[in-house]
Structures are given as C-alpha cells and as structure tokens.
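Each chain, letter by letter, is given below.
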Amino acid sequence: MTATVRLTVGQAIVRFLASQRTERDGERRRFFAGCFGIFGHGNVAGLGQALVEYEDRLPYRSVRNEQAMVHAAVGYARTHDRLRAYACTTSIGPGATNLVTGAALATINRIPVLLLPGDVFATRPANPVLQELEDPRSYDVSVNDCLKPVSKYWDRINRPEQLPSALLAAMRVLTDPAETGAVTLALPQDVQAEAYDWPEELFAERIWRIPRAVPEPAALAEAAAVIGAARRPLIVAGGGVIYSGATGALAAFAEETGIPVAETQAGKGALPWDHPSAAGAIGATGTTAANALARDADVIIGVGTRYSDFTTASRSLFARPDVRFVNLNVAAFDAIKQTAVPLVADALAGLTALKDAIGGYTVPPAYREEVRTLAGRWNAAVDHAYALGHAPLPAQSEIIGIVNEESGPRDIVVCAAGSMPGDLHKLWRTRDPKGYHVEYGYSCMGYEIAGGLGVKMAVLDSAAPDREVFVMVGDGSFLMMAQELVTAVADNVKLVVVLVQNHGFASIGNLSESVGAERYGTRFRLPGDLAAGAAAMGADVLRAGTAEEFRTALRKARDSSRTTVVHVETDPLVAAPDSEAWWDVPVAEVSGLESTRAARARYEEGKRTQRSFL
C-alpha cells in the first residue's frame, strides 16, 4: 500500500517546491530559492499558512508590488543562468492581474518564474466574492485567464487530485532551456486550504537534469561546409551563450578561427570587450564595427540568439545578396530563423562539435586585421564619449563611463528601458559574462530596481557574494516602479542606484523627433524631488551636479554598506555615438507637418534596405 501524508493543497505545494533540484554537468542545486509574495484573502489561509509552517524549507520574502516581485524573480533566475528560480504568490483580483506584465517579460526573455495567484472559490458558495470578475458566458472564467497568453504553461487547480500532474508539468517547462518562461498555477482559495492524502513520493527529492543536446550529424556536416567556404563570417552571440556557460568555448572557437564576434543585448559579455575577436554590440543599438562587418558578411553564425528586430536592424543589416546563416540554438523555433542551416543543440556542446567539424579553418589574415582596425576606431569613439566634458550638465555617456570605470571587473550593471539600454549596449565595456544585465526583450519601464533586487539576492546566494550591483535608471522608469527600494533597505540587500534625471522620456523623445512628431508629449518638468522620494523610502541619497561630483558620490555609494541612490542630472539632447543602423518604426504617410514629410522620406529610404531571407 502506498504511504500517504495528509496535507492541504497549499502545504503540498510548498513541500513539493522545496524538494526540487536541478543538475547540470554534475553540479546539483536547489531549484527554488524561495517565494516572493503579498498576502490577501485569496492566498493568506492557503499558501500563506503553508509558508509559515514550512518556513525552514522554502524561505518567504515580502515585496511591495506584484509586478515587481516577478521582475525580482527574473533578475534572480537570469543571474543563476536559469538553474535556480523563485515562486511568486498573490491574492485574487488586482494582485493577480498585476502579474501580467512581469509574466510577459519572463516569457519573452525565456526566464523561469512560477506564478501562484489565488483564484475565486472552486465550490462557488457565495458568488461573486470580493474582487471576482463575473463573466455571463461562464462561471469558470476569472481574471487569471488573462495570464494564459503570457505563460508557457497555465493550469487551474480545481481539485486536489489535479495537483501532482500540474506540478510535474510546471517543472518540466521551468527547467527546459528551450521552453522556459512564466508558468502559472491558478489556485482557488478554498482548494488551497483543502486537505488530501498525498503519496509521500510526491515530496521526495526530484532531480531535473538540464541536458546538453548535441547537434545532429548531418546538420553539423552541412553547417561546417557552409562555414568552411566563408571568407567573411561573423558570429552573433546571444543570451544562450551565457546561459549555457559557453563563453570559454566561444572564445576558443573565435581565437582558433579568427571569426569576429558581435553581441546582442542578452549576449553582451559573451567575450570580454577587449578580446581580439570582439566586434562589440550589433544592430540598431550596435557599434559601427560590428555593423560594418555584418553588412559585408557572407556567413552569419547565430549562437543562442532569437534575432530580434534590434539585432537585425529590422532585417536591414545583413546586406550581402548571397549571405547565408548557420544558427546554433537549443530551440528549433530560433534555429530555423533567416532560413538558416539549423543546429539544434546546447551552445557549449554545439560550439565544441562545430570547432572539431571545421578542422583547421581560419579566416584570411586581412580580415583579422580589418576586425582589429574597426574595433579600434569604435573604442576610440567610446573613449571620446566617456570624456566628453559637456557643460553645464554632463552627457549620459559620461555618466555611463564613470560607472564603468569605478565598478569592479565582476560587478553587475542593471538597466531595462529608456535611452540608457541603447547607450549601454554600445558603450559599456563588459569584463565578465554576468557583468551586464539589461532586460531588452520586453524593455519594461520599472524593471530596473526590482530586477536589481533579484540580481543582488542571487549574488548573495552565490560563491562570490561581494559583487556590487549598479542599477542605472532614468526618471521615467523610476517613477514607474521605485517601491522595491523599501524592500532592499528593509532586507539589507545593498544596491547602488544611479538615478539619471533628464526631465522626460529621452528615448521616445528622440524617436518622436525622428518620425516627425516633434518630441510631443515626451518632456516634463517634475514638480517634486525624486531624490527626496528615494530618501523617504529609506535609501541613502547623494546628489551630483557635475561629472566629477558624480564620480566622488559613486565611490562613496560603492563603498557604503547601505542601499544608496546617486542622483544626477544630464543633458537629454547629447546623443551617444551613432550605430549607423536603422530601426523600422512606421512614419505617417501623409501629413501637413514638414518634419513628418521629411521623416517619411527617410523612412522610405530605410524600407528599401529591408529584406526577407528566403
């Protein structure tokens, strides 16, 4: 007879989560580091009770906003290369719907996070309960249904018997490198508190091994033949390189072959910035070096990239008529993009196999020299941007340069939205594979501080807990979601927050001007004081008016043991060096404004460079 244990659904969930492990390359770790949450009537008696009863098995952390808790979970999981994660519990109603933006961000970026929103009564004893959405078409609809399109797996647990299969399905998705993202288990509040006799084996330690898939031999041979015939190949390194721990293999591959490496936002840090094969960032926010190489490349080798429109400059960047693609990706969905020769495999295993398959292939010596020359020119442009000496207010590029110079080689910069992600992609000199953490899949305003909280928590849970986390956030994003400063201060999770004040939405202001909309609606003068607001949330605050004052304040913040916000104003009209690439944002076809008509003419020029790789 199977041994059983009587627990509530909430208790069973907590005990199951506490028993899950991942293993890769023989290293085993707890998958769930803990649970973020905000309690309400929809989860306090079920999961809330279970979390307090089993606090020693699954630590609980309270946060201030449900969207922010998902951002923090994403920051944590990404820092741990998706091998560890957090669960997030909320009440029903607004607590649940606040998860949607965070869930979309997690799924788009392919980062594992488990969402456990409360739901309305499965037994329907007193409909409508507080915060219930009544749908006359079905009593089985709740606000949690809006999480379906942004979840990689979604289920509602209306009976205890449904829970074991749902939990196993959730873990399958969360630990699959090709399928991972947000997973939602909607939990009716009455079911959470219901008791059931569970098989004890449900709570036994379970190992989820993360495989390193190898390329199929025929595909590997075809890819090797394409690369072997190339004269001007270029590697596009995406986030998959870093998640798989393949940076060393990429460096060895590039050094042996001489093939230059360009980096996407997620892939930045795949090579150190000064590596001989490093061409820098690619695409609409890229370097002139990488983009020049991309325009004349005859073979593009995509490794762990999903080819976003910023990476491809809206498919205008890879300009040679005869260009071919080889895509190494753990997800077949991405491997076939651009009509490539697909290598469906783990980045580390695939690069190792590809290096052996192409034998002693190297690029021509003249091409190696061209890469060095182009990279040298761009690095000189970065030097100039870092030391611009703009007055009376410093340029944003100067602030980035100071943070880059004052941070340690293994420290981490965090950003997400506005003009800074593009400037960071071009200008930041990454020295460590985990040193650059910019969320640009969803580019979500408000991610920065919450995501930085998760990043620093992951650092504190790692073998190198002394890494500093520098959160760079503009005034617009700060106003969207700054409240997790309270969490950082209360839980003694130290952040250095660089608050760049430019009185408006600088990125969209530039875009508005470029499409002939004359920066309309993108400027504002704040009636309040953002730095004072940060102080009110418990953070230490330092103010800087010049670049040198900022450097002094940043050093003080870096050396402090407390979360510190460094506030600095910059000139929003001083642009970083141009990437010389295009981004497809449609412009009004007819207009009475001369600025719009001129923008339309430029847009049509850009459209003529766009192509479909078929």
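Calculation criteria
- Residues numbered from 1 in each chain as written.
- Predicted model: local features only at pLDDT ≥ 70, side-chain atom pairs only at ≥ 80, totals over all residues.
- Heavy atoms only, no water.
- 1 Å grid on protein atoms, 1.4 Å probe; cavity = no way out; pocket = protein on both sides within 12 Å on 5 of 7 lines; lining within 4 Å.
- Points joined across faces, edges and corners; volume = space filled by probe spheres on them.
- Helix = DSSP H or I, 4+ residues; strand = E, 2+ residues; numbered from the N terminus.
- Pairing = 2+ DSSP bridges.
- Axes fitted to C-alpha atoms, helices over the stretch in contact; angles between N-to-C directions.
- Contact = heavy atoms within 4.5 Å.
- Nonpolar A, V, L, I, M, F, W, Y, C, P; charged D, E, K, R; others polar.
- Expected span 1.5 Å × (residues − 1).
- Buried < 20%, exposed > 50% of the residue type's maximum accessible area, 1.4 Å probe, protein only.
- Arc of directions from axis to C-beta.

Caption draft 1: The arrangement of the layout of surface pockets in detail. Roughly 410 Å³ of internal volume is contained in the second largest pocket. Together, 19 residues line the second largest pocket, and Thr 79, His 80, Asp 81, Ser 462 and Ala 463 are the ones closest to its centre. Elements with a contribution of two residues or more to the lining of the second largest pocket: β3 (27-30) and α17 (447-460).

Caption draft 2: Local environment of the sheet that holds strand β20 (residues 469-474). Spatial strand order, β19-β18-β20-β21-β23-β22: six strands in an open sheet with parallel pairing. The open sheet has two free edges, formed respectively by β19 (436-438) and β22 (540-544), since each of these has just one partner strand. Taken over all neighbouring pairs, the strand axes of this sheet differ in orientation by 20° on average, direction set aside. Against the sheet, α17 engages β18 (412-415), β19, β20 and β21 (496-501), with an angle of about 175° to β20. Along the sheet, helix α22 (residues 547-559) contacts β20, β21, β22 and β23 (564-569); its crossing angle with β23, the most-contacted strand, is approximately 170°.

Caption draft 3: A look at the sheet that holds strand β8 (residues 153-156). With parallel pairing, six strands are arranged side by side in an open sheet as β5-β4-β6-β7-β9-β8. The open sheet is flanked by β5 (60-62) and β8, the only strands paired with a single partner. The average undirected angle you get between the axes of adjacent strands in this sheet is 20°. Here strand β4 (residues 32-37) runs beside strand β6 (residues 85-90); their pairing, made up of five bridges, is parallel. By the bridge assignment for β6, Gly 34 is matched with Tyr 86. Contacting β4, β6 and β7 (113-119), helix α3 (residues 66-79) crosses the sheet at an angle of about 170° to β6.

Caption draft 4: A look at empty space enclosed by the protein. This structure, assessed with the given rule, holds five cavities of 30 Å³ or more. Empty space within the largest cavity amounts to approximately 190 Å³. Around the largest cavity, the lining is made up of 19 residues, and of these Lys 268, Trp 273, Gly 280, Trp 378 and Asn 379 lie nearest the centre. Only β14 (278-281), α14 (365-386) and α16 (420-427) provide two or more residues apiece to the lining of the largest cavity. Taken together, the residues that form the lining of the largest cavity break down as 11 nonpolar, four polar and four charged. Computed from the structure, the second largest cavity encloses a volume of approximately 60 Å³. Surrounding the second largest cavity, Arg 78, Gly 239, Ile 242, Tyr 243, Ala 266, Pro 433, Lys 434, Tyr 436 and His 437 form its lining. Looking at the lining of the second largest cavity, the elements with two or more residues in it are α9 (239-243) and β19. Per-element accounting of the lining of the second largest cavity gives the leading share, three residues, to α9.

Caption draft 5: Seen up close, α14. Taking 1.5 Å of rise per residue, 22 residues should cover 32 Å, and α14 covers 32 Å from first to last C-alpha, within 8% of that figure. Considered for burial, the residues of α14 that qualify are Tyr 367, Val 371, Leu 374, Ala 375, Trp 378, Val 382, Ala 385 and Tyr 386. Angularly, the buried residues of α14 cover 120° about the axis, an arc narrow enough to put them on a single face. Among the exposed residues of α14, those pointing more than 90 degrees away from its buried face are Pro 365, Ala 366, Arg 377 and His 384. Contacts made by the buried residues of α14 are with β12 (233-237), β14, α11 (288-295), α15 (396-406) and α16.

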